[in-house]
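Okay, here's what each chain looks like letter by letter:
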Amino acid sequence: MRLIERTAELAEIDGLLTECAAGTGGAVLISGAMGCGKSELLTTLLKRASEQGYVVLDAVCSAAEQRSPGGVLNQLLRCTAPLSGGPDGDTAGVSPLLERVGAFPPFADQEAGAEEAALHPAVTEALRRLVLWVLDTAEHTPVLLCVDDIQLADDISLYWLLQLVRQLRSSRIALALTECPLSRPVYPRLRAELMRQPNYRRITLGPLTPAGVSGLIADHLGALAAAELGAECHAASGGNPLLVRALAEDNLGAAPGHRHAADVRLSCGEAYRDMYLSLLHRGRTPLLRLAQVLGILDGDLSDGLVLPGALLDGEPAEIARAEQALHSAGLLTGRRLRGPAARQAVLDSLSAAERCELHQRAAQLLYHEGAAVTRVASHLLACDEISQPWAGTVLREAAERHLAGNRTSEAHACLDAALRICVDEGEQVCLKALLASTAWALNPSISAPHLGELAVALRDGRLPDRHALMLAKYLLWHGRFDEAVDAVQRMVEREELSDPGWAVEVRATRELLSASYPVLVTQQGRGARRPVLDAGHRSRSDEDPRVRGAAALSHVLAHGPDDAVASVAEEAMRAMRLGKNTQEWLMCAVAALGFSDRLDAAGSWCDHWLEESRARHVPLWVAEFSSLRAGIALREGRPARARLLAEAALAQVPADSWGVCIGGPLANLVQAATDTGDFEAAAAYLQFSFPEGMFSSRFGLYFLQARGSYHLATGRPYAALDDFMACGDLMARWGFDQPTLVPWRSEAARAHVMLGDQGRAYTLAREQMDMVDLRPSRARGMSLRVLAAAGPPAARVPLLSEAVEVLQICGDRLQLAGALADLGRAHAESGRPGRARAPRESALRLAREAGAVPLERELVAELAGSDSPAGERDSRLAAIAQLSGAERRVAVLAARGHTNKEISQKLVVTVSTVEQHLTRIFRKLGVTTRTQLPAESTLAAVTDRQTC
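The text that follows walks through the structure, step by step, so that each part is easy to find. Predicted model, so just to flag it, every value in this text is computed and none were measured.

Another aspect to go through is the overall build of the chain. Each helix and strand counted, the chain has 46 helices and seven strands in total. Within the chain, the proportion of its 948 residues that are buried is 55%. Counted over contacts in the chain with a minimum sequence separation of 6, partners at least 24 positions apart contribute 67%. If you sum the accessible surface of the chain, you get close to 39,200 Å²; carbon and sulfur atoms cover 51% of it.

Dropping the structure here:
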C-alpha cells in the first residue's frame, strides 16, 4: 500500500539501511500518535531490508507480555534459522540460552526496581551470549531488528537491547523501534544510549494534511470521490490515516461521481466508529476514559468553567498527556470529540449505569460551578433517576429559557422531568399547565390528557387564573366548548381588575377566539368591545399587534374585503416575531390578507412564517402554516400544490391530533382532489373521522364547502345543496355571511342549475352579486359566472367577459380557466364559433397548468368538436335535446367515466334502470360506446338552453 506524505521518512530509513550495509550500524526511533502510520512505516522498512538481503528479526510488544521476562527477546530470537552462527559457529545454543533467561529470577535483588537492580548472574551471562550471537551473524550478513511499541517491552528485553545498542558503531546491525508518546519514556538508559549513537535518527509521524487525505481517498475511491469528499473526510478524521481508510470503507458504495456535488454526503458508518474506538483502546484505559468524559461533557468545556479531569480519577499530568495524545492522533476538535459519529461511538462504549453516573457527576459539577441551567438540565435529563434536591428548580428554569429561545422540544423534556420528581400538589398543577402548553406545539394530542384535570383545577381555584387563556384555546381545539366557556369567563372576570398587561392578553385572546370559534362569542355575548379600527378603518397604533392582526380577520369576515384592513394586517405582522405568544395571531393576519384577495401578499407572508416554523422545528406551527398556505393555493387556482401542502400538514401533525381544526387541512385535501379530478381520493379523505364540534368553528365552513363541491362534481346536486345551505345558515348565525369567506350562494346556485331550477339559481346568484362591491374580487368573478349560467343566454357573453376581466386581476387561475371555458361555450351557443376557440384554448392551457383534469377533458372534447362541420354540430345538439332529464343526468355521469353501479348509487336508482337509460341514450345520440358520448359541458349547455 502506498504511503502518503512520507517521502522524507522513507529516505531516512533507506539511508539507515545503506549505511548499515556499509559497516556502520545505526538506530531509528519512530514516534507519533496512534494510527498515524508507525507500524506501516516499520513494515515498509522490513520489506526493503529483506529485499536487500538483511537478516530481519522483529517483535511486537504488548501490555499483556510486559511482565513476562524476556518476552520480546523470545519473539526476536526464537526463530534461529536466520542466524549464521554463534561463538561456536552454530545456532543450536540460542534456544537453551532463551530458556535460561526465563528459568532464573531476572534480578538478584527482587525488592529493587528495574533501574537499580542487578541482574541474576546466570541471566546476565545468557543475555551476553545472545548479544554475541547477533554480532557474529552481522559479520556475515547485515541484521535488522525491529520492535514495535517499545514502550510496552519487558525489562529483560530492554536490558538486552541496551547491551546491543552499545555495539552498533562497529557492527552491521540496524535497530528500528516505534513508540507511542502517550506513556512516560520507558527505560531512560536505553533512550540515552540511542541518542549517543552517531547514526541515530528520530522520526515523528503526524496526521495527514488535507491534500494527503484526498490522495489516500483517491487510492481507495478514485479521483472524483477525492474531489467531492476530501474536505469532509479530513474534517471527520483529523488526518488520521486509519480513520481515513475506515471512511473510505464506509463510502465504497456511495459512487459520488455519479451524483451532483451538492448531494454528496460523507457517511461515517460502522467502520469509522469501530476504528475510532480501536484507536482509543490502543491508548489503554486513561485514553478511553478521558474520551468518554469528553463525550459526556460535549460542549461544556468551551468556556473553561469545568475541566475533564474533574470527572476523572487520575493524576493531572497523566490526564494532560492523554488529552495531548488524543489531539496528536486527530481524535479531537478543540476539547470535543471529532463529530457526532465519533461521540456516539464513545458513548455506546459506556454501560447505562456508567453513563448515568457520569451525567450525575457532570450535573453536580456544573451546578456548583454556576453554569447555565440549560447545561445542567441537559445532564439531568440523561439520568434515569434524578435525586438532587435542587433539580426541580433547575429543570423548570431551564424550560423557561428553552421556551424563550423557541426550543419547544427541550422545554417539554425539562417540564416532564420536573413533573416526575415533583411532590408538591400545587406545584404539580402548575407544571401540568406548562407541560400542556409546550406539548401543544409538538402535538396537541399529547396535551389532551391534562386538559380535563386542568379545567377542574381552574374551577376549584387550584390553577392560577393566568393559565385560563391557554386552557381556553386548548379546550376549544378539542371541542370541549362548555369547559372553554368557563375558562373564558374566568379571564373576562379578571379583565376587570386593574392589570393592564392581563387586559391586553385577554383582549388578544378574545379577538383570536372570536375569529375562529364564533360559537364561543355567541355564547358569551359579543358585547361592546373597544374597536380596533376607527370609522375610517385606520389602525389604532396603541393596540397590541396581536389584537390588530386578529381584529383585521374579524373585520373581513364580518364586512368583506377592505384594503385598509389588509394594510392593518400587514402592519401587525411587521410588528411581531414568530413565537408561542404570536403564532396564532400571525395566522389570523395572513388569513385576513387572503380573504381580502391580497393573494400575492398572503402567499409571501405565509411562506415566510412557514420557513421560520421549519427552522424552529415546531411541528404544530409547520402544520398550521402549511394548511393555511394550501388554502391560499386553492384561491390562487393551484390545486396540485394545495394538495401537497395539505398532505404535508397532516404529515407533521396526524389527523386525530387536529381536533376541531381538522376541517382546515381536510377541506383543502377534498377540494384539491376534486378540482384535479381525483374523486376516489376525495372520497377517501371524506372518510376521515372528525369531531362534531368542527361545525362550531370557522374550519367547519371550509369542510362543508369542499364536501359540497365534491358532491356537485360527482353528480349529487341534492347532497351538495344540503352542505351549501348548512354552510350559509352557520355563516348567517355567526355574522360571517361574506362571500369572500365561503361563496355558498354561488355554489348552491350551481347545484340548482344542475337540477334544472334556473329561477332559484338566478336568485341566489343575484343575492351574492349584490353583496360584493364593484371592485375586482374573486367572489365577484365567481358571482358573474354563476349569474351567466343561471340567466338568459343573451346576457351570458357580457357577464362572462366581465368575469374573465375580474378573475384575471384577482389571481384565481382555475376560476379564470372556468370563466374562459364558459365564455367559449357562450360564443359557440350564440352562433359565433369563430370567437369561441381563443378563450377555450386559453382555458385549456390554464387547466393543464392547474392539473384540473375534468376541465381539461371537457375543453379537449369541445375543441375537437369545434373542428366538425356546422351541420354535424347542429345535428348532435338536436339529438341531445331529445334526451329526457333523467337520461341527461345518466349521460353526464357516464361521460365522466362512472360505472353503471356508481351511477345507480348516485342517482338512487337500480342498475337495471341505468342500463335502460343508456340504451335509449345511445340510440338517440347514434353512438355505441361511452367514449363516444358528448362532453359534459355540451350536455349541460343543451340543458341550459332548454330551461331558459
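Before going further, it helps to spend a moment on the side chain of His359. With respect to the helices and strands, His359 occurs in helix α15 (residues 352–368). Here the side chain of His359 touches His379 through a polar contact of 3.0 Å, side chain to side chain. When residues no more than four places from it in sequence are discounted, the contact partners of His359 are Ile296, His379, Ala382 and Cys383.

By size, the foremost hydrophobic cluster in this structure holds 152 residues, and its most contacted members are Val590, Phe625, Trp658 and Leu741. Apart from the residues within four sequence positions on either side, Trp658 is in contact with Trp477, Ala623, Glu624, Ser627, Ala649, Leu650, Val653 and Pro665. Residues Leu17, Ile217, Tyr276 and Ala342 belong to the second largest nonpolar core, which totals 73 residues.

Applying the stated criterion across every chain yields a total of nine aromatic pairs. An angle of 85° between the planes, with centres 5.6 Å apart, marks the rings of Phe690 and Phe695 as edge-to-face. Take Phe690: its relative accessible area is 25%, and that puts it in the partly exposed class. Summarising the aromatic geometry, the rings of Phe690 and Phe703 are spaced 5.0 Å apart at their centres and angled 55° between planes, so their arrangement reads as tilted. Of this pair, Phe690 sits in the loop between α32 (679–685) and α33 (698–713) while Phe703 sits in helix α33, and the two are 13 residues apart along the sequence. We note Arg546 situated over the ring of Trp585; from NZ or CZ to the ring centre the distance is 5.2 Å.

A few words on helix α2 (residues 38–51). Given a rise of 1.5 Å per residue, 14 residues ought to cover 20 Å, and the 20 Å separating the end C-alpha atoms of α2 matches this to within 8%. Along α2, the positions that sit buried rather than exposed are Lys38, Leu41, Leu42, Thr44, Leu45, Leu46 and Ala49. Among the structural elements, α1 (7–21), β1 (26–32), β2 (55–60), β3 (143–148), β4 (173–179) and β5 (200–205) are those in contact with the buried residues of α2.

Let us look at empty space enclosed by the protein. Overall, the coordinates contain six cavities of 30 Å³ or more when judged by the stated rule. A volume near 110 Å³ is recorded for the largest cavity. Lining the largest cavity are Arg2, Leu3, Ile4, Arg6, Cys36, Gly37, Glu40, Leu41, Leu208, Leu216, Pro241 and Arg245. Of all elements in the fold, only α2 and α10 (241–250) reach the threshold of two or more residues within the lining of the largest cavity. Its residues placed into classes, the lining of the largest cavity shows seven nonpolar, one polar and four charged.

For the rest of this paragraph, the subject is the packing of helix α20 (residues 444–460) against helix α21 (residues 468–477). Interhelical geometry of α20 versus α21 gives an angle of 125° and a closest axis separation of 10 Å. Between α20 and α21, the angle is such that the two are oblique. The two elements α20 and α21 cross, and the hand of that crossing is left-handed. When α20 is examined against α21, the residues Pro444, Leu451, Leu454, Ala455 and Leu458 are found in contact with a partner set consisting of Ala468, Leu471, Tyr474, Leu475 and Trp477. Taken together, the residues of the contact of α20 with α21 break down into ten nonpolar, no polar and no charged.

Where helix α31 (residues 663–675) contacts α33, the axes come no closer than 8 Å and their chain directions differ by 20°. Taken together, the axes of α31 and α33 lie roughly parallel to each other. Between α31 and α33 lies a crossing of left-handed hand. Mapping the contact onto sequence places Gly663, Gly664, Leu666, Ala667, Val670, Gln671 and Thr674 in α31 and Phe699, Tyr702, Phe703, Gln705, Ala706, Arg707, Ser709, Tyr710 and Ala713 in α33.

Using the criterion set out here, one finds zero disulfides in the structure. Cys36 carries a free sulfur, and the closest cysteine sulfur to it, the one in Cys180, is 9.6 Å from it. What makes Cys36 buried here is its relative accessible area of 1%.

Another aspect to go through is the pairing of β4. Two faces belong to every sheet, and in a regular strand the side chains alternate between them. The buried fraction of β4 amounts to seven of the seven residues, a majority that puts the element mostly inside the structure. The side-chain alternation of β4 yields two buried faces, one formed by Ile173, Leu175, Leu177 and Glu179 and the other by Ala174, Ala176 and Thr178. Of the strand pairs in this sheet, β3 and β4 are connected by five bridges, and their pairing is parallel. Across the sheet, the residue bridging to Val143 is Ile173, located in β4. In terms of handedness, the path from β3 via helix α6 (residues 155–165) over to β4 forms a crossover that is right-handed.

Two orientations exist for strands paired in a sheet by backbone hydrogen bonds: parallel and antiparallel. The five strands lie next to each other as β2-β3-β4-β1-β5, forming an open sheet whose pairing is parallel. Lying at the two open borders of the sheet, with one neighbouring strand each, are β2 and β5. Between one strand axis and the next, the sheet turns by 15° as a mean value, whatever way the strands run. Against the sheet, α1 contacts β1, β3, β4 and β5, and its axis sits at roughly 160° relative to β5.

Attention now goes to the pattern of salt bridges. Throughout the structure, instances matching the rule amount to 52 salt bridges. Here Arg336 and Asp298 are joined by a salt bridge, their closest N and O atoms 2.8 Å apart. Of this pair, Arg336 sits in strand β7 (residues 336–337) while Asp298 is found in the loop between α12 (284–296) and α13 (316–328), placing the two residues 38 residues apart along the sequence. What makes Arg336 partly exposed here is its relative accessible area of 40%. Taking the shortest distance from any N to any O, the salt bridge between Arg813 and Glu849 comes out at 2.4 Å. Of this pair, Arg813 sits in helix α39 (residues 813–829) while Glu849 sits in helix α40 (residues 837–850), and the two are 36 residues apart along the sequence. The structure contains a network of salt bridges with shared partners spanning Arg785, Asp822, Arg825, Arg840, Glu858 and Glu862.

Rules behind the numbers
- Residues numbered from 1 in each chain as written.
- Predicted model: local features only at pLDDT ≥ 70, side-chain atom pairs only at ≥ 80, totals over all residues.
- Heavy atoms only, no water.
- Helix = DSSP H or I, 4+ residues; strand = E, 2+ residues; numbered from the N terminus.
- Buried < 20%, exposed > 50% of the residue type's maximum accessible area, 1.4 Å probe, protein only.
- Contact = heavy atoms within 4.5 Å.
- Areas by Shrake-Rupley, 256 points an atom, 1.4 Å probe, with all protein chains shown as cover.
- Polar contact = N/O pair within 3.5 Å; in protein donor to acceptor, adjacent residues only side chain to side chain.
- Core = buried A, V, L, I, M, F, W, Y, C linked by side-chain atoms within 4.5 Å.
- Phe/Tyr/Trp six-rings, centres within 6.5 Å; stacked < 30°, edge-to-face > 60°.
- Lys NZ or Arg CZ within 6 Å of the ring centre and 35° of its normal.
- Expected span 1.5 Å × (residues − 1).
- 1 Å grid on protein atoms, 1.4 Å probe; cavity = no way out; pocket = protein on both sides within 12 Å on 5 of 7 lines; lining within 4 Å.
- Points joined across faces, edges and corners; volume = space filled by probe spheres on them.
- Nonpolar A, V, L, I, M, F, W, Y, C, P; charged D, E, K, R; others polar.
- Axes fitted to C-alpha atoms, helices over the stretch in contact; angles between N-to-C directions.
- Parallel < 35°, antiparallel > 145°, perpendicular 65-115°, else oblique.
- Left-handed = near helix turned anticlockwise from the far one by under 90°.
- Disulfide = S-S within 2.5 Å.
- Pairing = 2+ DSSP bridges.
- Right-handed = clockwise from strand over helix to strand, strands pointing away.
- Salt bridge = Lys/Arg side-chain N within 4 Å of Asp/Glu carboxyl O.

What is shown is where atoms sit, not what they do.
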